[in-house]
Structure formats: C-alpha cells, structure tokens
Amino acid sequence: MTRKFSTGAHGPAQGRLIRRFDDGHIADDVNAKTPAGQDAARADSRHSALRAVLSAGHWRAGLFSAVSAIGLLASSVSGAHAQSQVELLNVSYDPTREFYREYNELFNEWWTSEGHEPVTLRQSHGGSGGQARSVIDGLEAQVVTLALSADIAAIAENTDKIPADWQSRLPHNSSPYTSTIVFLVREGNPKEIADWDDLVREDVQVITPNPKTSGGARWNFLAAWAWALAEYDGDEEQVRAYMTSLFQNVPVLDTGARGSTNTFAQRGIGDVLLAWENEAFLALAEQGEDAFDIVVPSVSMLAEPPVALVDGNITSDAQREVAQAYLEHLYSPEAQALALKNFYRAWDTSAASEEDIARFPDVELVSIDDFGGWGEAQPAFFGDGGVFDQIFEEQ
Amino acid sequence: MRASLLRSPSPLPGFGLSFGIMMTVLSIVVLLPIVALLGRGLAIGPADLWSMVSSRRILSALALSFRAALIASLFNLVFGLALAWVLVRYRFWGRRLIDAAIDLPFALPTAVAGISLSALYAPNGVFGKLLAPLGIQVAYTELGIWLALIFIGLPFVVRTVQPVIEECDREVEEVSATLGARRFYTLRRVVLPMLTPALLTGFALALARSVGEYGSVIFIAGNLPYQTEIAPLLIVIRLEEYNYDAATAIGLAMLLISFAMLLIINIIQIWSRRRIGDV
C-alpha cells in the first residue's frame, strides 16, 4: 500500500502542525452527489409503503396491520406540522456530553438576547459511529457533532441528507474545536513511559479501544502509525512490525473510549491508556490529580471532530435559521472559551481564562489530510481486510 | 371450508378478533424481522454469503460463541437443576429471597451485569484479587465469557424445571425407596426421566439466549480478535463499517447454527418422551 501525504488547509488550534511527509498529494475524497428533493422522496416512500401493506389485504391480519400503519402514517404527517416552538436535536458522541450541556445554555442566552424566542435544545450521545448510523436509519437530527469527519461523510453518502461539500461550509474544516491523543499513565509514571517506542516494550501493557468500533481508537492508531513512519523513515515493513508488537501489548480491546478509560482507571488494567486529550483531563479531574499523569508524546494526531447541519431533517425556515446559528455560534469567543474549559483545544482564545489555555502543551501534530483524508484512510486502515485486520492476521 | 376452520372452538366469542391481533403482532414483532434477514441473505446469494462467513476470524468467533454458550448452558443445566430442587424440596431461611433473586438476570440490563462482573473479577477486583495469586485470570479471558453466559442463562433452567418438580409427587420417590431402590437408582430411573423434557427446554432456552448475548459479554471478554472476540461483536463491527451484507451473513450463520441445535434438542426431547412416556 502506498501512503500519500498532503498539505492540509489549516493549522491546529493549539500546537504546531508539522508536515514532514509531503509529496504534494491533495485529497479529494468526497464524491459529489446532488441532494434529492426530500419531500417528494418521502411522500413517494409513504405511498409505496401503503401499497405494500394494502396488497397484503385479504387476510384479517393484513387488514389489521394496514389499519395500524395508516394510523401511524397519519399521526406522523400531522405531527410534523403541529410543532410551534422550534426544536433542535444535536446528535453527538460520548465525550461532548458536558460541553454541549453548557453550550446549550450559553446559546439560548445569546439567542434570546438577540430578540428571538428560546429554543428547545435536545442532545443525544453515544459511540460516534453508532450515532451516525442512527441518523442514517432515520433519527431526525438537525445538527450532528461527531468524532470523525468519516462519520458525517457516511451520513452524506448513505442518505443525501447532507450535501457532499458539507465540510467546507464552516471554518476550520467544520471543526470548532480540536483535540489530540495523549498517554495517561499511573501516578509517578512507574514504567517511565515517555514516547511511542516505550509502548512496544515487553513489560508495558497498553489500553486502547477497538478502532473498528471506536472513533477515538482510530486516532490512536494513526497517531502511533504517524510516529513510526517518521521513526523508520517511511519503511512500511518496520512500521507494520511496530504496530503488530504494539497490539501484542494490548490485553483488552474495549468497544468505546469510555470503556477503555474504565478498564484502565477503575479495573487497574494496563500501564498506559491511549486517550483523547480531553478524556485524559476529565479522568484527572474525576479521579484526582494524584492517581494519574498525562504524558504527551513527541508526535500525535490533530483530531478534528466536525459539526454539520443535516439539511434533509430541517422542516422549517425558522428551524434552519436556528440550526445555522447554533453551529456558527460555536466559533464565538465565549463558546470557544467554553470548549477550552471542557479540555478541548479551541481556535479563539480571546475570552478564555489563562489557566485553560496554559493547560495544553505544544505537540507536533499530524493531520488526517496527511493520510489522504478519512475517505482514503478509513478503508485502507480500518476497513474489512485493512491494515488493522492484517496486523491481527499476522499474530 | 374456511368458515369451518375458523369456527369458534369454544363457547366464548372472539376467535376472529384474537386471531387477527395475534397474527398482526406476531408478524410485525417476530416473523417480519426474520423474513427480512432471510430476504437480504437471499439477495446476496449463498456463494457470497459463504465467502463472507468463511474467513478464519469469523469462524473462530463463531466457534467461540457457540462453544462458550454450550459450556455455560451445560453448567446451568446441572447447577440450575440442583438450585430448583433445593428451592422446591427444602424449607430454609431466606428461601424466598433466593427464589426472587434468580429472576435478577432477567431484569438487570445485561451491560450492567457485564460491568459488575468485570469489576468483581478484574485482577484488582474483589474476587479477581483472590484468584490472581493462583494464576487464574477470569476477566478478559474465555473464562470471563463463560461466567457472563452462566449468569444470564441460569434463570431459564431454574424457571422451567421448578414447576415440574413442584408437581412431582414425593410419594413416587418414597414408593421407589420402599421397593428397595437405592437413592441414586431412584434419582436416575424415577426422578430424572420426569424432569428430562423440562430440563431440555430450559437448556435450549439458555443456549439460545447465550449464543446471541452481547451486552454482558463485551465488557468482560477482552474482545481480542481470534482469542476472545464473540460473533455478535463481529456483527456490530461490520455494521460500524456500514457493511450490512457481511453483518447479514454472520447473522444468518448464527441463525442457521442455532436453528440446527434447537432442532437436535427437540428431536432428543421427542425421543425421550416416546421412550419414557409423556409426563
């Protein structure tokens, strides 16, 4: 497999973005699709559902289901028009729960101070991939704020509810805040773990979630890969050997980032946890500063959790206006300060407190664009038969 | 013809209505999803299905799932019988409490069970700490999977066998004893044959439940490919890749194997009924 690296359009929020792998490739991973007329499509599917139900008609049973189906359809049609107050559903992933709870309050305060009616803001959290699938399967989210652009791209590809150029609609690749991957080690760092090469030592056990089921784990994997690629001068054989021995040191592959944090913090398994920086700070805040230390490796990933408006789920102009403002206001100095307070690296530090800014050390950051974007990295590394599968095949 | 078939078999009215409701609900809740799965499988075609299922990783996950379910259900068969027997035949302090506690695995969300079990059996947990010096690790090994499956499967055996033991007359055993049979002989030739159909039903239910169990297992399994990765997790992984076809393939494989196993258990049940008479 050939690796192509490109120069991305943006630097990181806090820290230097260094691109040592530059052969000038520019990613173009989103295939253009025109969004179909949603209402027409919806009405069409309703008709065909009715026809399917009615064609089963002779049976009493069929009649029963037909009657109940008609009832359901009728209620869903009237339900869509019955809304008076504007409602927004923000479908997000696990670690943003606390941040969006505070942001929703901040947004409503600002929105009403601008002379608008208050908005009902609801939020839903879960694993990023699972959340994307819920939206694909029909969860009526007006706004998605997920861990990977690949997840939002999957919604765009599978449903036509989001246009293909969604990532260019908001500043900084539609990522109002960024994060990175760090090591969480036990207090005093007894195993003296300093950088990625310590993770393949025989006496070190590494905890990371499964990249197949966890967005955060994909960043972990690519961060290790990026370090090894630089370390071994791009010799892919050696990089793979490094990754194989890294995963031989992993005793448990949890399905999500929170699960791994629990395994490491509560169950006492492993010497080092590969974690989102914000999760690591959260663990420190919750477990007490004297339980763990954060070790910042020499190279890490610039993780850009993006946000997007789900055009296909917008039912009124008023709702579109609110949803648009909801996302744009994430870039306001106050919201950025809130993100910094919630351990995210944000772009605008003008309203943030000194303490929140000082928390983030300088790291060499590699962007996903250096891997050709998620459209290329996702299938190559984490798809069926991809690099991750091959690593376990070799063991 | 049709009218005579649907004629009410009882003096109470309402067969048509209740049959209609029954068919509707059954179709929506049970038949439709299975037909949809089969339909999707047919659309993919057997050759592609096989190529998706026959990778070494999926085969080892399937083998693990069915092996662990079988072991856990066999354990529950023996232990569940003993538990039901004690609860029915003996009166002791706290009996009702234990009787009520058996339903707990039914009521408890399986993820909660998984997290509690892994907390208890992790090397720094209450039990894990005691086992660690002996070189036994439960959490994050196949042993942990067995434990989770034993936990969720236990009530099935107990609750199917319990009423049958309650209905067995004690006199039968006493007669056997007065006729000179030794205790073990009475157990083997008098008691067990009466319980066999119920035991097999309970075993089949526990087995079916264990094979598809996801929530409690993933927290204690370790989830390492080829070692502790169960088939339901692989289905979830395929879904995460938006690979609905491969997920369907694994789902169908599990459905087929489960169906075959339940069929075998049913055949044994029919055979045992024929041999010892319907009890």
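What counts and how
- Residues numbered from 1 in each chain as written.
- Chains lettered and ligands numbered in written order.
- Predicted model: local features only at pLDDT ≥ 70, side-chain atom pairs only at ≥ 80, totals over all residues.
- Heavy atoms only, no water.
- Pairing = 2+ DSSP bridges.
- Helix = DSSP H or I, 4+ residues; strand = E, 2+ residues; numbered from the N terminus.
- Axes fitted to C-alpha atoms, helices over the stretch in contact; angles between N-to-C directions.
- Parallel < 35°, antiparallel > 145°, perpendicular 65-115°, else oblique.
- Contact = heavy atoms within 4.5 Å.
- Nonpolar A, V, L, I, M, F, W, Y, C, P; charged D, E, K, R; others polar.
- UniProt positions renumbered as here; feature names shortened; annotations may be inferred.
- Left-handed = near helix turned anticlockwise from the far one by under 90°.
- Domains from an automatic or database assignment.
- Buried area = accessible area lost by both parts, 1.4 Å probe.
- Salt bridge = Lys/Arg side-chain N within 4 Å of Asp/Glu carboxyl O.

Enquirer: Residues and numbers for the sheet that holds strand 4 (residues 143–145) of chain A, please.
Expert: Residues and elements named next belong to chain A. Spatially, the 4 strands line up as an open sheet ordered 3-2-4-11, and their pairing is mixed. Edge strands, defined here as strands with exactly one partner in the open sheet, are strand 3 (120–124) and strand 11 (307–309). The mean inter-strand angle of the sheet, taken between neighbouring strand axes irrespective of direction, is 20 degrees. One ladder, built from 3 bridges, connects strand 4 with strand 11; its direction is antiparallel. In the sheet register, Thr-145 faces strand 11, and the bridge partner there is Val-307.

Enquirer: Run through the packing of helix 4 (residues 56–89) of chain B against helix 13 (residues 231–240) of chain B, naming residues and quoting values.
Expert: Residues and elements named next belong to chain B. Closest axis-to-axis distance for the helix 4/helix 13 pair is 8 Å, and the angle between their directions is 140 degrees. Comparing the axis directions of helix 4 and helix 13 gives the class oblique. Contacts between helix 4 and helix 13 involve Arg-57, Ile-58, Ala-61, Leu-62 and Ser-65 on the former and, on the latter, Ala-231, Pro-232, Leu-234, Ile-237 and Arg-238. Within the contact of helix 4 with helix 13, the residues separate by chemical class into 7 nonpolar, 1 polar and 2 charged.

Enquirer: Outline the UniProt feature "domain: ABC transmembrane type-1" (unreviewed entry) in chain B, supporting the account with residue identities and numerical values.
Expert: The sites that carry the UniProt feature "domain: ABC transmembrane type-1" (unreviewed entry) are, in the present numbering, residues 62–265 of chain B. The straight-line gap between the two end C-alpha atoms of residues 62–265 of chain B is 20 Å; of that span, 79% is helix and 0% is strand.

Enquirer: So what's going on with the sheet that holds strand 8 (residues 272–276) of chain A? Which residues, and what values?
Expert: By definition, the strands of a sheet pair up through backbone hydrogen bonds, in either a parallel or an antiparallel sense. The 4 strands lie next to each other as 7-8-6-9 (chain A), forming an open sheet whose pairing is mixed. A strand with exactly one partner marks an edge of an open sheet, and here the two such strands are strand 7 (206–207) and strand 9 (292–295) of chain A.

Enquirer: Run through the packing of helix 4 of chain B against helix 9 (residues 142–167) of chain B, naming residues and quoting values.
Expert: All names here are of chain B. Packing of helix 4 against helix 9 leaves a shortest axis separation of 6 Å and a crossing angle of 40 degrees. In terms of orientation, helix 4 lies oblique with respect to helix 9. Note that helix 4 runs across helix 9; the crossing there is right-handed. In the contact of helix 4 with helix 9, the residues fall into 23 nonpolar, 4 polar and 4 charged.

Enquirer: So, the side chain of A:Asp389: which residues are in play, and what are the values?
Expert: Along the chain, the position of A:Asp389 falls in helix 15 (residues 387–394). Filtering out sequence-adjacent residues up to four positions away, A:Asp389 remains in contact with A:Lys212, A:Gly383, A:Asp384 and B:Arg57.

Enquirer: Hey, could you go over the domain arrangement of chain B for me, with residue numbers and the actual values?
Expert: Residues and elements named next belong to chain B. Per the domain assignment, the segments making up chain B are domain 1 (17–54) and domain 2 (56–278). Contacts between domain 1 and domain 2 engage 10 residues on the former and 14 residues on the latter. Between domain 1 and domain 2, the buried area comes to about 1,000 Å², and carbon and sulfur atoms account for 78% of it. Of all residues in domain 1, Leu-37, Met-52 and Val-53 bury the most surface against domain 2, accounting for 50% of the area lost on that side. The residue Arg-40 makes a salt bridge to Asp-245 at a minimum N-O spacing of 3.1 Å. Among the secondary structure elements, those contributing two or more residues to the side of domain 1 that touches domain 2 are helix 2 (15–44) and helix 3 (46–53). The dominant element in the side of domain 1 that touches domain 2, judged by the number of residues it contributes, is helix 2, at 6 residues. Its residues assigned to classes, the side of domain 1 that touches domain 2 comprises 7 nonpolar, 2 polar and 1 charged.

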